[in-house]
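Here are the chains, one letter per residue:
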Amino acid sequence: MKRKIREQKSKEHGFLLTASAALRMALEDAKTGHFIKTNFSDPQYKPHIISRTRLSRKNQHCRWIVEVKEEIPLSLNGKSGLMNIVRIEIEPFKGEIIRRLFLKYILEEEYQILLSGNPKRPSF
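In this text, all values refer to a predicted model and were calculated from it rather than measured experimentally.

Cut-off values and rules
Residues numbered from 1 in each chain as written. Predicted model: local features only at pLDDT ≥ 70, side-chain atom pairs only at ≥ 80, totals over all residues. Heavy atoms only, no water. Salt bridge = Lys/Arg side-chain N within 4 Å of Asp/Glu carboxyl O. Helix = DSSP H or I, 4+ residues; strand = E, 2+ residues; numbered from the N terminus. Buried < 20%, exposed > 50% of the residue type's maximum accessible area, 1.4 Å probe, protein only. Core = buried A, V, L, I, M, F, W, Y, C linked by side-chain atoms within 4.5 Å. Phe/Tyr/Trp six-rings, centres within 6.5 Å; stacked < 30°, edge-to-face > 60°.

Asks: In this structure, what is going on with the pattern of salt bridges? I would like to understand it.
Replies: Where charged atoms from two side chains of opposite charge come close, those side chains can pair. Summed over all chains, the structure comprises 8 salt bridges. Salt-bridge contacts for Glu28 lead to Arg24; the nearest nitrogen and oxygen are separated by 3.5 Å. Of this pair, Glu28 and Arg24 are both found in helix H2 (residues 19-28), 4 residues apart, which corresponds to roughly one turn of the helix. With a relative accessible area of 60%, Glu28 lands in the exposed category. For Arg52, the salt bridge is made with Glu67, and the minimal N-O distance between the two is 3.5 Å. Residue Arg52 is located in strand S1 (residues 48-58), and its partner Glu67 is located in strand S2 (residues 61-73); the two are separated by 15 residues in the primary sequence. Put simply, Arg52, Arg63, Glu67, Arg87, Glu89 and Arg99 are held in one network by salt bridges that share partners.

Set out below in structure tokens:
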């Protein structure tokens, strides 16, 4: 309860959201939840899921970048290649979701090219 009150106060006064609050906000988002439920593997199969939250600064703008990735093995030896990815950008002072990116069955290399803005990136 204290945590919710503290986060509410931070939104009201323009304080920076914490990384854990940004992750929780992304996972509680209805569109994100729907994508994860319909595209990520069923928990009974023990999927390999990684989450990462980082603060990004470009020019004078700050954003929380929340990524949730499910690595999908390509072979029986467990070597990963394809991934399902959720990428959410959150405004850290207002606590608003700025952008959502949902990707299914994408290679890590393709994802990095997509993020870099390289004009030679593959079309999706």
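This is not the end of the story, as more comes after the structure.
Asks: What should I look at first to understand the nonpolar core in this one?
Replies: Soluble, globular proteins show a tendency: their nonpolar side chains are buried together. With 13 residues, the main nonpolar core has Leu17, Val66, Val86, Ile88 and Ile90 as its most contacted residues. Elements supplying a minimum of two residues to this core: H2, S2 and strand S3 (80-91). Of the residues forming this core, the biggest block, 4 residues, is contributed by H2. Among the nonpolar cores identified, the runner-up in size contains 6 residues, and Met83, Ile85, Ile106 and Leu114 belong to it.

Asks: How should the packing of aromatic side chains be read in this particular structure?
Replies: Applying the stated criterion across every chain yields a total of 2 aromatic pairs. Their ring planes at 75° and their centres at 6.2 Å tell us that Phe35 and Phe40 sit as a pair that is edge-to-face. Residues Phe35 and Phe40 agree in their burial class; the two are buried. An angle of 10° between the planes, with centres 4.9 Å apart, marks the rings of Phe35 and Phe102 as stacked. Linking Phe35 in helix H3 (residues 30-39) with Phe102 in strand S4 (residues 96-107), this pair joins segments that are 67 residues apart in sequence.

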